[in-house]
Amino acid sequence: MSFHPQMPYGEGWHKSERFIPEAGPAFEFTPEHRAQLEELCTHYPPERRKSAVISALYMVQAQQGHITGNAMRHVAEVIGCTPADVEDVVTYYVMFFTKPVGKYVLQVCRTLSCALNGAEQVTAELCKHLHVTPNETTADGLFTVMEFECLGACDRAPVIMVNNEHWAEHQTPDRIPALVDGLRTQGLASLGGCHLVKERA
Amino acid sequence: MFEPVLTKYVNEPNGYTLDFYVQHGGYQAMKTALGMTPDAIVDSVKKSGLRGRGGAGFPTGLKWSFVPKDNPKPKYLCINADESEPGTFKDHVLLERNPHLLFEGCVIACRAIGARTCYIYIRGEFFHLQQQMEAELQKARAAGYVGKNILGSGEDCDIWIHRGAGAYEAGEETALIESLEGKRAQPRLKPPFPAVVGLYGCPTVVNNVETICNVPVIIEKGHEWFAAIGPEKNTGPKLFCVSGHVKKPGVYEAPMDTTLRQLIYDYAGGMRGDRQLKAIIPGGSSTPVLLPDKLDTHLSFDGMVAAGSMLGSAAVIVMDETTSMVWVAKNLIHFYKHESCGKCTPCREGVDWLYKILDKIERGDGEPRDVELLLSVCDNIGGKTLCPFGDAEIAPVLSTIQHFRDEYETYIRTGESPVQSDFRATEPVAAH
Ligand SMILES: Cc1cc2nc3c(=O)[nH]c(=O)nc-3n(C[C@H](O)[C@H](O)[C@H](O)COP(=O)(O)O)c2cc1C
Ligand code: SF4
Ligand code: FES
């Protein structure tokens, strides 16, 4: 990636990379997702269906957990763009998973305000508790731990986002066992919603 | 203390609902605006002195007036709800607790610029807010406040919420437009500016959530009322985010003649554990670090520039005496390295070098020349990139070196941080 021949481009993934994930099994949207997508497309001018590509990719994830080459081809067909257009989007945005992930993806915010409030310790405890390192999935396929950049909830630091949609706020190392147990036994319902839902209850 | 305007009802359990909003005078400003000419609305916003709350502080009325009237193409309003600048969570409160204020502002702003469609680009991580907003938007549509032929006036304004998928750079206005078109969030070359060639090649205005939430207030209470709040040229109520080592982190609404000291010690309850204040980032991670000697500066666009930083997104990050500034720089550079869109070389390659050097110092392998090397890399990024991201990413490095050079030098000489923090992990967690 680097223009410097002797130096590899940093460690890990970079946004400017493009690649096609594994083809995976045959893919087709469920009729519900397909209908939902067609409704979303009406929000944009008729010749601009490509605007709905991000939404289409979220639907792929809802259907099979992560994004595969076959799913990308299907999205391109349904949206009416090239597979390369879809590849561009999939590989750029961090909320798309291009490899299988656990049933619960736990993303700990690592940026400054969370870090000043102990995010490093939360990640360390989570990894220790689940016997994984960041980006790994537990052997039972239940949990994937990842680090994430600022979620826009720095007043409730440190924050963990679960499955791209749910927030667990004010985390501390000693709250981790209960968080994991809750997910294991009661699933996402155990998170009880963000502070908003809790304040209203 | 200042009586909040934008966040007046945020602690009401039902403050976010259409019923509550209408009962408390909601959508009245929209009715007034539907009886005004577009020019009169733009004029009123100009006179109010409202400056954009997204980061740059550009006068909103002026931005609107750049939209060409004679262009036959449709015009668009895009609301920037990408809120990704580290330390920022103010739009979050408005989206969560006052969504109808935003919708009302969208309708008024669309009328002002001649747009009939508005997209609210919301960051993917705010999905739980989006679901609630969609439900409220649906109610507003059913009640005739949004959509076709609003309240029988013949005016149309469709509002759609568009979900992003995790990219800081999508907050840059032309990158936001690219992302809305279903592409990578990479900025476009300017000019042409979005006001002339924006979304789908049409004239487009991109405004921040908080900016647009001020619009109904201006129409309802009058531009004179608005302009009388805060210092000259920095008018109106402002939301401040406070996070880090304070007792009460949160969003506080105040005029822009509030000082950093008032915000940290009065609003946010002071330093946690009553430790010493070491440094402040006043406007989100992209703005230079300030020392406590600037505590009595006004938190205004102009006040922060005079103090050597920027108001940015008004995201105040407070750090106490136990914070290592080399580590702060590394933490933030990790963010920028992760978020660089990769379109231009100085930013993409430069930020990676900055990270490597800072990481090396942090591991205890720093060399005496590294500080100069960091400054030289910064020099090769600043002002040499396609979008302001380049200048943003060097701010934490340059300003921590400027104020804490001795800390860097001690770290390099001894191989250990001169500052010990109890909030850090004993061993770094390495990703595979
Ligand atoms: C790298 C980068 C990230 C940005 N992120 C945001 C953001 O998350 N939210 C926002 O409102 N503005 C953001 N901006 C500023 C926007 O480009 C734009 O100036 C703003 O949305 C204009 O709205 P305003 O005039 O109402 O402030 C960002 C700018 C840059 C360069
Ligand atoms: S400065 Fe960075 S974020 Fe901006 S266009 Fe260049 S590579 Fe992309
Ligand atoms: S730093 Fe973690 S949410 Fe902002």
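Just so you know, these numbers come straight off a predicted model, no measurement behind them. (Residues numbered from 1 in each chain as written. Chains lettered and ligands numbered in written order. Predicted model: local features only at pLDDT ≥ 70, side-chain atom pairs only at ≥ 80, totals over all residues. Heavy atoms only, no water.)

Quick look at the overall build of chain B
Along chain B, the regular secondary structure elements total 16 helices and eight strands. For a compact globule of 432 residues, the expected C-alpha radius of gyration is about 22 Å, and chain B comes in at 22 Å, within 12% of that figure. Taken along the three principal axes of its C-alpha coordinates, chain B extends 75 × 45 × 40 Å. The buried share of chain B, reckoned over its 432 residues, is 65%. A separation of at least 24 residues holds for 70% of the contacts in chain B among residues at least 6 apart in sequence. The centroid of the 45 positive side-chain charges in chain B is displaced by 4 Å from the centroid of its 54 negative side-chain charges. (Helix = DSSP H or I, 4+ residues; strand = E, 2+ residues; numbered from the N terminus. Rg over C-alpha atoms; globule rule 2.2 N^0.38 Å. Buried < 20%, exposed > 50% of the residue type's maximum accessible area, 1.4 Å probe, protein only. Contact = heavy atoms within 4.5 Å. Lys, Arg positive; Asp, Glu negative; His and termini not counted. Charge placed at Lys NZ, Arg CZ, Asp CG, Glu CD.)

Focus on the overall build of chain A
Within chain A one finds eight helices and four strands. Reading the secondary structure of chain A in the N-to-C direction produces α-α-α-α-β-α-α-β-β-β-α-α. Each of the 201 residues in chain A was classed as buried or not, and the buried ones make up 55%. When the accessible area of chain A is evaluated, it comes to approximately 8,600 Å², of which 54% is carbon and sulfur surface. (Areas by Shrake-Rupley, 256 points an atom, 1.4 Å probe, with all protein chains shown as cover.)

Quick notes on the site of ligand 1
All names here are of chain B. If you check the shell around ligand 1, you find 19 residues, and the closest are Gly-54, Lys-63, Asn-80, Asn-208 and Thr-211. Residue Arg-53 places a main-chain N or O atom 3.3 Å away from an oxygen atom belonging to ligand 1. Between ligand 1 and Glu-83 there is a distance of 3.3 Å, counted from an oxygen atom to a backbone nitrogen or oxygen. When isolated, ligand 1 has an accessible area of 610 Å², and the protein chains bury 89% of it. Among the elements that make up the shell around ligand 1, the one with the highest residue count is strand S4 (residues 204–208) (three residues). Looking at side-chain class alone, the shell around ligand 1 contains four nonpolar, eight polar and seven charged residues. (Near = heavy atom within 4 Å. Polar contact = N/O pair within 3.5 Å; in protein donor to acceptor, adjacent residues only side chain to side chain. Nonpolar A, V, L, I, M, F, W, Y, C, P; charged D, E, K, R; others polar.)

A word on the side chain of B:Thr385
All names here are of chain B. Locating Thr-385 in the fold gives a position in the loop between helix H15 (370–379) and helix H16 (389–414). Relative accessible area serves as the criterion here: at 18%, Thr-385 is assigned to the buried category. Separated by 2.9 Å, the side chain of Thr-385 and the backbone oxygen of Cys-387 make a polar contact. Among all residues touching Thr-385, those that are not within four sequence positions of it are Cys-344, Pro-346, Cys-347, Gly-390 and Asp-391.

Examining the site of ligand 2
Among the 13 residues in the neighbourhood of ligand 2, the closest are listed as B:Pro187, B:Cys341, B:Cys344, B:Cys347 and B:Cys387. Its residues assigned to classes, the shell around ligand 2 shows seven nonpolar, four polar and two charged.

Structural notes on the packing of H15(B) against H16(B)
Residue and element names in this part refer to chain B. Running from N to C, H15 and H16 cross one another at 170°; their axes reach a closest spacing of 10 Å. The angle between H15 and H16 falls in the class roughly antiparallel. Listed contacts from H16 to Asp-370, Val-371, Glu-372, Leu-374, Leu-375 and Cys-378 of H15 are Ile-394, Val-397, Leu-398, Ile-401, Arg-405, Tyr-408 and Ile-412. Per-class residue counts for the contact of H15 with H16 are ten nonpolar, no polar and three charged. (Axes fitted to C-alpha atoms, helices over the stretch in contact; angles between N-to-C directions. Parallel < 35°, antiparallel > 145°, perpendicular 65-115°, else oblique.)

Some words on the pairing of strand S2 (residues 143–148) of chain A
Residues and elements named next belong to chain A. Burial runs high along S2: five of the six residues are buried. Pairing of strand S1 (residues 104–109) with S2, which is carried by six bridges, proceeds in the parallel orientation. Bridge assignment links Leu-106 to a residue of S2, and that residue is Val-145. (Pairing = 2+ DSSP bridges.)

Quick notes on the interface of chain A and chain B
In this complex, chain A contributes 67 residues to the contact, which on the side of chain B involves 77 residues. Of the roughly 6,100 Å² buried at the junction of chain A and chain B (both faces included), carbon and sulfur atoms supply 54%. Scanning the region where chain A abuts chain B turns up three salt bridges. For the pair chain A and chain B, the number of links is 35 residue pairs in polar contact (both at pLDDT 80 or more). Breaking the side of chain A that touches chain B down by element, the ones donating at least two residues are helix H2 (53–64), helix H4 (83–92), helix H5 (112–116), helix H6 (119–130), S2 and helix H8 (195–200) of chain A. (Buried area = accessible area lost by both parts, 1.4 Å probe. Salt bridge = Lys/Arg side-chain N within 4 Å of Asp/Glu carboxyl O.)

Digging into the environment of A:Glu165
Relative to the elements of secondary structure, A:Glu165 occurs in the loop between strand S3 (160–162) and strand S4 (166–168). The exposure class assigned to A:Glu165 is partly exposed, which follows from its relative accessible area of 30%. Beyond its immediate sequence surroundings of up to four residues, A:Glu165 is in contact with B:Phe127, B:His128 and B:Arg163.

With respect to the packing of helix H5 (residues 90–97) of chain B against helix H9 (residues 209–221) of chain B
Residue and element names in this part refer to chain B. Interhelical geometry of H5 versus H9 gives an angle of 50° and a closest axis separation of 9 Å. By the criterion of interaxial angle, the relationship of H5 to H9 is oblique. The residues of H9 that touch H5, namely those facing Lys-90, Asp-91, Leu-94 and Leu-95, are Val-209, Glu-210 and Cys-213.

Some thoughts on the sheet that holds S2(A)
Residue and element names in this part refer to chain A. Taken in spatial order, the four strands of this open sheet run S2-S1-S3-S4, and their pairing is mixed. Looking at strand neighbours, the two that pair on one side only are S2 and S4, the edges of this open sheet. Neighbour-to-neighbour, the strand axes of the sheet open up by a mean angle of 25°, direction not taken into account. Relative to the sheet, helix H7 (residues 176–186) contacts S1, S2, S3 and S4, its axis offset from that of S2 by approximately 130°.

Notes on helix H3 (residues 69–79) of chain A
Residue and element names in this part refer to chain A. Across the eleven residues of H3, eight count as buried, placing the element largely inside the fold. Looking at H3, one finds that the buried residues are Gly-69, Ala-71, Met-72, His-74, Val-75, Ala-76, Val-78 and Ile-79. In this structure, the buried side of H3 is in contact with helix H1 (31–41), H2 and H4. After H3 finishes, the residue Gly-80 shows a positive phi value of roughly 90°.

Concerning the packing of aromatic side chains
Residue and element names in this part refer to chain B. Applying the stated criterion to the full structure yields 20 aromatic pairs over all chains. Between Tyr-21 and Tyr-27, the ring centres sit 5.2 Å apart and the planes meet at 80°, which makes this aromatic pair edge-to-face. Taken individually, Tyr-21 and Tyr-27 each receive the classification buried, so the pair is uniform in this respect. An angle of 5° between the planes, with centres 4.2 Å apart, marks the rings of Tyr-27 and Tyr-145 as stacked. With a gap of 118 residues between them, Tyr-27 in the loop between helix H1 (18–23) and helix H2 (28–34) and Tyr-145 in the loop between helix H7 (127–142) and strand S3 (158–163) connect regions that are remote in the sequence. Using a relative accessible area of 0% as the deciding quantity, one classes Tyr-27 as buried. (Phe/Tyr/Trp six-rings, centres within 6.5 Å; stacked < 30°, edge-to-face > 60°.)

All quantities given are derived from atomic positions and should not be read as evidence of function.
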